[in-house]
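Now for the letters of each chain:
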Number of protein chains: 2
Amino acid sequence: MIGETFLAGTAKHISVAGRVLGGGRLPLVCIPLTAGSRQKLLAELDRILRLQPNLIEWRADYFGGLADLPGVVRLARELQSAAGDIPLIFTLRSVREGGQPTSLDDAGTAAVGVAICEASAAGFIDLEMSLPQLQFAQLSRAAHDNSVQRILSYHDFEGTPDAAQLLAKFALAQQLGGDIAKVAVMPKNPDDVLTLLAATLCASRQLDIPLVGISMGQYGAVSRLFGWMFGSSITFAAGENASAPGQLAMSDLKMLLAAIDRDR
Amino acid sequence: MIGETFLAGTAKHISVAGRVLGGGRLPLVCIPLTAGSRQKLLAELDRILRLQPNLIEWRADYFGGLADLPGVVRLARELQSAAGDIPLIFTLRSVREGGQPTSLDDAGTAAVGVAICEASAAGFIDLEMSLPQLQFAQLSRAAHDNSVQRILSYHDFEGTPDAAQLLAKFALAQQLGGDIAKVAVMPKNPDDVLTLLAATLCASRQLDIPLVGISMGQYGAVSRLFGWMFGSSITFAAGENASAPGQLAMSDLKMLLAAIDRDR
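Residues numbered from 1 in each chain as written. Chains lettered and ligands numbered in written order. Predicted model: local features only at pLDDT ≥ 70, side-chain atom pairs only at ≥ 80, totals over all residues. Heavy atoms only, no water.

Enquirer: Quick question: what am I supposed to make of the overall build of chain A here?
Expert: Helix and strand counts for chain A come out as 8 helices and 10 strands. Computed over C-alpha atoms, the radius of gyration of chain A comes to 17 Å, within 12% of the 18 Å expected from 2.2 N^0.38 for 264 residues, which places it in the range of a compact globule. Among the 264 residues that make up chain A, the fraction classed as buried is 59%. In the structure as shown, chain A presents an accessible area of about 9900 Å², 51% of it carried by carbon and sulfur atoms. (Helix = DSSP H or I, 4+ residues; strand = E, 2+ residues; numbered from the N terminus. Rg over C-alpha atoms; globule rule 2.2 N^0.38 Å. Buried < 20%, exposed > 50% of the residue type's maximum accessible area, 1.4 Å probe, protein only. Areas by Shrake-Rupley, 256 points an atom, 1.4 Å probe, with all protein chains shown as cover.)

See the structure below:
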């Protein structure tokens, strides 16, 4: 199986409470939840669970009820409970990094994340490295104190920085205490895809934490299918809706990974 | 469809008698014939035609009857006739470049190729750039004089030369009059796969002829599936047997390309 061979040597495993996700197979597949209301989210989750992802990301910036903080925490708990063994990633993506517009400013965004952590309502939380320092520190501490794993992320929807800059972003994530480093960038040409893959591969050899390296958009499909070979531990697939450009449909991704596996 | 979009901008179309192969879609898929006898080859071809490849390569180094030169030519004609519109590539791969051992020396190998060309028994002929100069010149002239397109090839089953060397091989193929340049190399790590893809992309921008860039083996699957994005016009898939390490099964390759296409 993919990831059980020497091929995935640089992609690292991710564990939750001592359990290695995916039974040791890489890449892990994460499906985002993008519905806007509690009822629709629960229904979306129900359908997505049938696709058997390894992780589920609640993209809370799509959610209409962010103003009700206790309600958000309750809903995260409900989602995590319904997902059972499959860990929930709580992500409130900012507009700055490609998310949906919400009613919250940086302080409000951090407050939601802190509440989620204090309630241990998710296994992972996405922390943008571009958050203002104060909010970043609050969120990071709340996650750490409540054993919520931190995915320190960097997104560029406009282009692909050079390899040295990408490598610096991965390294910064580890330096800032991240449990996982995530870099997602937009290629303008096939060269940019190679740059992202090379930087991810290099980072996976230099750093200790698991990485996620994504080249988005149409050119980036290579990274979503083969990123594991270049040190990326998670690939994001579209369940019902893509939450970022270039995500493959989960059904296709599973079929593709199985075929690649079979032919090796 | 793949290749009809801007994405395959650097991969060039291949035409036979004024007809663009694959109806303008890239990559073209080529399946090798590897049976050892006339009867088995005709049966193999019959089954392979159902997979609807764009090209069929007769790997004549697998054929047991090479000593009978007129018989080889007759058989090539039979295969081309049975394949109908699908052009035949005649390839007598040398042991030096990863082929099967045959009874022929370089002179004998060239004589077979010359006879195939003089009979116009194939649409394409594979010419190894490592052939001794005399035999290379004989074969190249015979192909040219009989309008058989020349695929000038370079293989390295031991490793992947650096990008500058790979680029030089592609350029040499054009310089020597090749209609198509083919470079197939073995990666020892994921870095080598990126090197092959980058070199193919660079060559596809600098050169005028269509290219085939292949990274073989288990790491190389990326190049077989996504090579078209980096300027490679043909991907080789296994029909019944793989003729080189890393070839994906044709059924899987078609499914994979369709899924990638659908998700874009």
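Further notes follow.
Enquirer: Help me understand the side chain of A:His155 in this model?
Expert: Residues and elements named next belong to chain A. Mapped onto the secondary structure, His155 falls in strand 7 (residues 149-156). Among the polar contacts made by the side chain of His155, one reaches the side chain of Glu97 at a distance of 2.8 Å. Not counting residues up to four positions away in its chain, the partners in contact with His155 are Arg93, Glu97, Lys182 and Ala184. (Polar contact = N/O pair within 3.5 Å; in protein donor to acceptor, adjacent residues only side chain to side chain. Contact = heavy atoms within 4.5 Å.)

Enquirer: Just to check I follow, could you spell out helix 2 (residues 69-83) of chain B for this structure?
Expert: For an α-helix, the turn length of 3.6 residues means that residues three or four places apart are oriented alike. Residues and elements named next belong to chain B. The terminal C-alpha atoms of helix 2, which comprises 15 residues, lie 21 Å apart, in line with the 21 Å expected from a rise of 1.5 Å per residue. Turning to helix 2, its buried residues are Gly71, Val72, Val73, Leu75, Ala76, Leu79, Gln80 and Ala83. For helix 2, the secondary structure elements touched by its buried residues are strand 3 (28-33), helix 1 (38-49), strand 4 (55-59), strand 5 (88-91) and helix 3 (106-118). A positive backbone phi angle near 65° is found at Gly84, which sits one or two residues after helix 2. (Expected span 1.5 Å × (residues − 1).)

Enquirer: What exactly am I supposed to notice about empty space enclosed by the protein here?
Expert: Sizing a probe to match a water molecule and rolling it over the atoms shows the empty space that remains. Residue and element names in this part refer to chain A. Across all of its chains, the model carries 5 cavities of 30 Å³ or more by this definition. Lining of the largest cavity is provided by 17 residues; of these, Arg59, His155, Lys182, Ser243 and Ala244 occupy positions nearest its centre. Where the lining of the largest cavity is concerned, the elements lending two or more residues are strand 4 (55-59) and strand 8 (180-185). The residue inventory of the lining of the largest cavity, partitioned by class, reads 6 nonpolar, 5 polar and 6 charged. (1 Å grid on protein atoms, 1.4 Å probe; cavity = no way out; pocket = protein on both sides within 12 Å on 5 of 7 lines; lining within 4 Å. Points joined across faces, edges and corners; volume = space filled by probe spheres on them. Nonpolar A, V, L, I, M, F, W, Y, C, P; charged D, E, K, R; others polar.)

Enquirer: Just to check I follow, could you spell out the interface of chain B and chain A for this structure?
Expert: Often, the extent of an interface is quoted as the loss of accessible area on bringing the components together. Across the boundary between the two partners, chain B contributes 27 residues, which contact 27 residues of chain A. Summed over both partners, the interface of chain B with chain A comes to about 2700 Å²; 71% of that surface belongs to carbon and sulfur atoms. For the pair chain B and chain A, the number of links is 2 salt bridges. Between A:Asp191 and B:Arg205 there is a salt bridge, and its shortest N-O distance comes to 2.7 Å. Run the count over chain B and chain A and you get 2 residue pairs in polar contact (both at pLDDT 80 or more). (Buried area = accessible area lost by both parts, 1.4 Å probe. Salt bridge = Lys/Arg side-chain N within 4 Å of Asp/Glu carboxyl O.)

Enquirer: What's the story with the pattern of salt bridges in this structure? I'm lost.
Expert: Where side chains of opposite charge bring their charged atoms close, a pairing between them can arise. Overall, the coordinates contain 18 salt bridges over all chains when judged by the stated rule. With its nearest N and O atoms 3.5 Å apart, the salt bridge here joins A:Arg96 to A:Glu128. With A:Arg96 in the loop between strand 5 (88-91) and helix 3 (106-118) and A:Glu128 in strand 6 (residues 124-128), this pair connects stretches of sequence that are 32 residues apart. Close ionic contact of B:Asp106 with B:Arg96 constitutes a salt bridge, the shortest N to O distance being 3.4 Å. Placement of the pair is B:Asp106 in helix 3 and B:Arg96 in the loop between strand 5 and helix 3, with a sequence separation of 10 residues. Judged by its relative accessible area of 45%, B:Arg96 falls in the partly exposed class. Overlapping salt bridges bring together A:Arg93, A:Arg96, A:Asp106, A:Asp126 and A:Glu128 as one network.

Enquirer: When you look at the sheet that holds strand 3 (residues 28-33) of chain A in this model, what are you seeing that I'm missing?
Expert: Within a sheet, each strand pairs with its neighbour through backbone hydrogen bonds, oriented either parallel or antiparallel. Residues and elements named next belong to chain A. Strand order in the open sheet made by the 8 strands is 9-8-7-6-5-4-3-10, with parallel pairing throughout. Edge strands, defined here as strands with exactly one partner in the open sheet, are strand 9 (211-215) and strand 10 (234-236). Across this sheet, the average inter-strand angle for adjacent strands is 25°, counted without regard to direction. Where strand 8 and strand 9 come together, 5 bridges link them in parallel fashion. The residue bridging Ala181 from the neighbouring strand is Leu211, located in strand 9. In this fold helix 2 (residues 69-83) packs onto strand 3, strand 4 and strand 5, with an angle of close to 160° to the strand it touches most, strand 4. (Pairing = 2+ DSSP bridges. Axes fitted to C-alpha atoms, helices over the stretch in contact; angles between N-to-C directions.)

Nothing here speaks to function; it is geometry throughout.
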